[in-house]
Amino acid sequence: MTTQAVQQPTLEHPERPSASAPRRGLGAFLALVARDTLYLLLALPMGTLFFSFIVAGWSTAIGSFITFIGVPVAVLTIWGTRGLAWVERSRAAIVTGERIPGLYRRRLPFRGEDWASLNEIWSWLKALVLDGQTWRDTAYGLVLLFTGTIGFTVAVTMWSLTLSLLSVPAWWWIPGVDLDAGFISLDTWLEALVVFGFGVATIPLTLALVRGSSAISISIARGLLGCDKRRLEERVEQLAETRAGAVDAAQAELERIERDLHDGAQARLVAVALDLGMAEQRLAAGADPERAAELVREAREETQRALAELRDLARGIRPALLSERGLGAAVTSLGARVGGVPTSVEVGELGALPSAVETAAYFVVAEALTNVAKHARAGAASVRLSRSGDVLRVDVRDDGVGGANPDGGGLRGLRGRVEALDGTLTLSSPPGGPTHLCAELPCGS
Amino acid sequence: MRVVITEDLALLRDGLTRMLQDNGMEVVAAVEDGEALLEAVERERPDVCVVDVRLPPDFRDEGIRAALEARRRIPGLPVLVLSQYVERIFAKELLADGTGGVGYLLKDRVADVGEFVEAVRRVADGGTAMDPEVVAQLVAGRGPARLEELTPRERDVLALMAEGRSNGGIARELVVTEGAVEKHVSSIFGKLGLPPSGDDHRRVLAVIAWLEE
């Protein structure tokens, strides 16, 4: 239901010759008008269906709004509207040869896994209702009944007129058929020929009206169902922002690593070199071997500290367990390490994940659990990794005091990491708890 | 010999202090940042300062700037700058005032205690101590074409001159006689068209200027 909406649209949408209409000239034009006719004929049933669906859906939803059944009915109506809008975008392909690209503002984060969290249901409903495309779809559905009726009528009337006039001479030849329509009666073959001439004369008019009605319908569909340039620009802007954020985050991370190396392992190795140099000096002079041994021991200890620091640093870049055993094992091991808070870890079927997604998911869990241990004063925490379609979802919950700051340093860094992968990070942490951090990472195939 | 050490990491500050003391120097102050360095030199008037490049508050080039400021306040104050990496631009800034008593070494050089202590003494005496890494960068920047006229041995001597070694020092390093070094030096100066100079520091400036040209 949702994946069809998040197609990658092209920025420009010029009229280009589609694959199904490569021919030029009269033949191509007649084929086009034939497709226009089919398109217009389908408009009335579609318009009737769409209009009735919207009216029935919303009147039921609004009528039952005070009982809680109204909300699910409204949601089903919106879903149905999107489905019918999808059919309408595809119907346009009869004429243009390609679907009208649709674009919904947000991915719908909720997949009905957790009916218990009101917060989550609320934010999901908001995403659904606040998407302008939902309402443009609805408007289109209502308008379609009228434009569809007009289009259908034009196509049926014009083609019947032309075809009946053109077929008169044929009927004339059929014996026993009396062409007496009341207001007009044909008694001679000459009269029949004149009527045929009228029929020929209506052909251009029919073609023009059918073509025009179809073109107007298509442009209404483009206007309401298609993603206009402004929305694409918004999306591009958002991508540019998250990209800049990602670059900043990566740069900050590199600077941190450089600082850690400079002040940590590098400095320790300099100290090791210094101790060994001084020990060497003493041994060479043959003086004070005890002091030399002490210096060598200090150097060895410093080497061990340098190794420990390098290990920690490497883990901060990409934990070894993640490379060796994958995300499930690495997150399970994180869960076992949280200080003092019993943490349950649930790992669903994840399939193969891109390495960047694994690393981001790992650090989301690591940072969230660090915060749980440090600030939440929680009795228990839970981690869940699940995948549905091409989205990896990470949920970390705790029953602590809540009130986590979404703009705190750690979370902001995580957001940068997640948004860099075009994912979303949502935090719900009302004062008094509970806290729920949710990251969704597309792991496109 | 009285020394002021400026290094923000306690581990290295203590190590340097101990090493210099072991080698008969007096560490009159061991401080953590540039401000403290300036105070210490005004108060103690040391024979030489040993200064780390990266210092608080921003951990950028505070050490270089503090060293230059100290030399502005006390002209000719010998300063040996230490760093975990070397950049020729910093070397250039240190050498820019043309007076002697500057050094710029990788921290790694502390491993060779004898040579490091000798470098500290050389800087204290108004000489120069450029890290071989800086010289290598300069030589690499110069391109091999202009150095082709020199024999491999002359190139070694050129590099050691750029580091600030005296003829005696170069002779010890290459295990040759001082006379042989003198011959190489005058041959190099002839080939490169540099004015002969008896003063080690002027010689460093001439060679580095040629390399930077």
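Refer to the structure presented above.
Just so it is clear, the model here is predicted, and its values are computed rather than measured.

**A short note on the overall build of chain A**
- In terms of regular secondary structure, chain A is built from twelve helices and five strands.
- A buried classification covers 29% of the 445 residues belonging to chain A.
- For chain A, the proportion of contacts with a sequence separation of at least 24, taken over those separated by at least 6, is 74%.

**Let's talk about the sheet that holds strand β5 (residues 435–442) of chain A**
All names here are of chain A.
- Spatially, five strands are ordered β1-β2-β3-β5-β4 in an open sheet, and the strand pairing comes out mixed. Two strands close off the open sheet at either side, each with one partner strand: β1 (343–347) and β4 (424–428). Pairwise comparison of adjacent strand axes, ignoring direction, gives a mean angle of 10° for this sheet.
- On the sheet, helix α10 (residues 327–337) packs against β1 and β2 (381–388) and is oriented at approximately 170° with respect to β1.
- Strands in contact with helix α12 (residues 409–420) are β4 and β5; relative to β4, the strand with the most contacts, it is inclined by about 150°.

**Describing the packing of helix α6 (residues 132–142) of chain B against helix α7 (residues 152–163) of chain B**
Residue and element names in this part refer to chain B.
- Closest axis-to-axis distance for the α6/α7 pair is 9 Å, and the angle between their directions is 120°. The orientation of α6 relative to α7 falls into the category oblique. Handedness of the α6/α7 crossing: right-handed. Between α6, through Pro132, Val135, Leu138 and Val139, and α7, the contact on the second element is made entirely by Ala159, Ala162 and Glu163.

**Re the environment of Asp47(B)**
Residues and elements named next belong to chain B.
- Within the secondary structure, aspartate 47 sits in the loop between α2 (34–44) and β3 (48–52).
- Judged by C-beta crowding, with 20 C-beta atoms within 10 Å, aspartate 47 ranks as buried.
- For the pair aspartate 47 and alanine 124, spaced 77 residues apart in the sequence, the C-alpha separation amounts to 5.8 Å.
- Those residues in contact with aspartate 47 that lie beyond four places of it in its chain are Met1, Arg2, Val3, Pro78 and Ala124.

**Regarding helix α10 (residues 200–212) of chain B**
Residues and elements named next belong to chain B.
- Helix length check: α10 (13 residues) gives 18 Å between terminal C-alpha atoms against 18 Å at 1.5 Å per residue, within 8%.
- Taken together, the buried positions of α10 are Asp200, His201, Arg203, Val204, Leu205, Val207, Ile208 and Leu211.
- Looking at the buried positions of α10, the neighbouring elements they touch are α4 (88–95), β6 (128–130), α6 and α7.

**A look at the pairing of strand β3 (residues 391–398) of chain A**
Residue and element names in this part refer to chain A.
- Among the eight residues in β3, seven count as buried, and that is most of the element.
- Where β2 lies against β3, eight bridges are found, and the strand directions are antiparallel. Note on β3: the bridge partner recorded for serine 386 is arginine 393.
- Following β2, the chain reverses through two residues before pairing antiparallel with β3; glycine 389 in that reversal takes a positive phi of roughly 65°.
- Examined bridge by bridge, β3 and β5 share eight bridges and lie antiparallel to one another. Across the sheet, valine 394 pairs through a bridge with alanine 439, a residue of β5.

**Overview of the sheet that holds strand β2 (residues 26–31) of chain B**
All names here are of chain B.
- One open sheet accounts for six strands, arranged β2-β1-β3-β4-β5-β6; its pairing is parallel. Strands at the two margins of the open sheet, each flanked by one partner only, are β2 and β6. Neighbour-to-neighbour, the strand axes of the sheet open up by a mean angle of 20°, direction not taken into account.
- Note: β3 against strand β4 (residues 79–83), four bridges, orientation parallel. Directly across from valine 51, in β4, lies its bridge partner valine 81.
- Across the face of the sheet, helix α1 (residues 10–22) comes into contact with β1 (2–6), β2 and β3 while running at roughly 170° to β2.

Definitions and cut-offs
Residues numbered from 1 in each chain as written. Chains lettered and ligands numbered in written order. Predicted model: local features only at pLDDT ≥ 70, side-chain atom pairs only at ≥ 80, totals over all residues. Helix = DSSP H or I, 4+ residues; strand = E, 2+ residues; numbered from the N terminus. Buried ≥ 20, exposed ≤ 12 C-beta atoms within 10 Å, placed from the backbone. Contact = placed C-beta atoms within 7 Å. Pairing = 2+ DSSP bridges. Axes fitted to C-alpha atoms, helices over the stretch in contact; angles between N-to-C directions. Parallel < 35°, antiparallel > 145°, perpendicular 65-115°, else oblique. Left-handed = near helix turned anticlockwise from the far one by under 90°. Expected span 1.5 Å × (residues − 1).

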